[in-house]
Amino acid sequence: MLKSFEVTALSGELDNDIQHKIDFKTKPPGSLGGLESIAFQVARIQRTLVPSLQRAQMLVFAADHGAVDQGISAFPQEVTPQMVTNFLAGGAAVSVFCRQHSVALKVVDVGVKVDLPDHPLLSKRKVAYASQDFSVAPALTLEQVNQALEAGAKEVESAEKSGVDILLFGEMGIGNTGVSSCMLSAITGQAPEQTAGRGTGLDEQGISRKANIIAASLQRAEAELNKPIGEWAPWEVATQVGGLEILAMSGAMLRCAELGKPFVVDGFICTVALLFASKLQSHLVDYAIFAHQSNEQAHQALLEYFNAEPILKLDLRLGEGSGAILSYPIIQSAVAFFNEMASFESAGVSNAT
């Protein structure tokens, strides 16, 4: 049995008041576009007409994947710990953007293949030294799946105790775009040719190889479970083809929503984590703010599945939470206009007839 979460559906009690406050700012109705939707969502999640985003936390979950041995990534596996070290040293893109926007960064090791030295920005919650190669065996045990979900939840609880009111999520793990594609196919029944993309820079031959490896992995699991893709229970998806950092993000999202806090969804991999988590608690999606549409081929369809309007479209495909942190100042601006922009009445400005 998977770790249980209880996510409460958002109340519509304040919806009319929230919308009235937005509509009677000194502007034509709807003229701030997506900012109005973000402001509405944050106010609704926080159940207040004076929402506040005073402190944000970026959590980057890191893990390795056995399937990398089959060639699903353009980069070797040793890049995972190398990039974690780069995060901690402040040299990665997400490090730079977090520093620019004064957002605290923490890297969470849930499955990196080597032991990492202690660091103030590193949280050690290692579940395993990488997942198994899912082309030949189940990726994880049920115990490991639950440990990963719990690791994500515990990180959110720690952030909540320090006064964080919004969480941003990212990931690091060579091969995890391929793992995400495999999870997406397992959940939705889509063919690997539809879910596999370039990841860190595969050419057309590399994408085809990745799709073939995913297809073989799914066929192995279908034979073991005796049921086709698209019909697996969440625990079956997680054990057969899951990634530790992806599942840890799922647990973090679920705990964030349990605590009544908004969270920012990064790109393709993070959205797959949301998809998996939403199969456990459907109301989870109401707490999710979608940062951007990535350049990964399956991401647009996944966003459409959620009826999501991402804040940015910059053809990013870096991961790390880079899109999430880039979108954060816009989320802040949405809350700022909602709280600080004058109304027609307070400013003495005539409204439209």
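Our structure is the block above this text.
Being a predicted model, the structure only gives us computed values, none of them experimental.

## Topic: the packing of helix H2 (residues 34-46) against helix H13 (residues 322-340)
At a minimum axis separation of 8 Å, H2 and H13 run at an interaxial angle of 80°. The angle between H2 and H13 places the two elements in the roughly perpendicular class. Where H2 abuts H13, its residues Leu 35, Glu 36, Ile 38, Ala 39, Val 42 and Ala 43 lie against Ile 330, Ile 331, Ala 334, Val 335, Phe 337 and Phe 338.

## Side note on the packing of aromatic side chains
Here the structure, examined in full by the defined rule, presents four aromatic pairs. Their ring planes at 45° and their centres at 5.9 Å tell us that Phe 169 and Phe 263 sit as a pair that is tilted. Here Phe 263 lies in strand E5 (residues 263-265) and Phe 169 lies in strand E4 (residues 166-172), a separation of 94 residues in the sequence. Just as Phe 169 is buried, Phe 263 falls in that class too. Ring geometry for Tyr 305 against Phe 306: centres 5.1 Å apart, planes inclined by 80°, an arrangement best described as edge-to-face. For Phe 306, a relative accessible area of 12% puts it in the buried group. Each residue in the set Phe 61, Phe 169 and Phe 263 is aromatic and connected to the rest through ring pairs, giving one cluster. Seen from the ring of Phe 5, Lys 3 lies directly overhead, with NZ or CZ sitting 5.1 Å from the centre.

## Side note on the environment of Glu 236
Residue placement: Glu 236 occurs in helix H9 (residues 234-241). When sequence neighbours within four positions are dropped, the list of residues in contact with Glu 236 reads Leu 225 and Lys 227. From its side chain, Glu 236 meets the backbone nitrogen of Ala 233 in a polar contact 2.7 Å long.

## Considering the pattern of salt bridges
In total, this model carries 14 salt bridges according to the counting rule given. We note a salt bridge from Glu 150 to Lys 3, for which the minimum N-O separation is 2.7 Å. Here the residue Glu 150 occupies a position in helix H5 (residues 142-161), and Lys 3 occupies one in the segment before helix H1 (15-23), the gap between them amounting to 147 residues. When its relative accessible area of 27% is taken as the criterion, Glu 150 is described as partly exposed. Lys 154 is the partner of Glu 157 in a salt bridge, and the nearest nitrogen-oxygen pair spans 3.6 Å. With Glu 157 and Lys 154 both in helix H5 and three residues apart, the pair spans about one turn of that helix.

Parameters at a glance
- Residues numbered from 1 in each chain as written.
- Predicted model: local features only at pLDDT ≥ 70, side-chain atom pairs only at ≥ 80, totals over all residues.
- Heavy atoms only, no water.
- Axes fitted to C-alpha atoms, helices over the stretch in contact; angles between N-to-C directions.
- Helix = DSSP H or I, 4+ residues; strand = E, 2+ residues; numbered from the N terminus.
- Parallel < 35°, antiparallel > 145°, perpendicular 65-115°, else oblique.
- Contact = heavy atoms within 4.5 Å.
- Phe/Tyr/Trp six-rings, centres within 6.5 Å; stacked < 30°, edge-to-face > 60°.
- Buried < 20%, exposed > 50% of the residue type's maximum accessible area, 1.4 Å probe, protein only.
- Lys NZ or Arg CZ within 6 Å of the ring centre and 35° of its normal.
- Polar contact = N/O pair within 3.5 Å; in protein donor to acceptor, adjacent residues only side chain to side chain.
- Salt bridge = Lys/Arg side-chain N within 4 Å of Asp/Glu carboxyl O.

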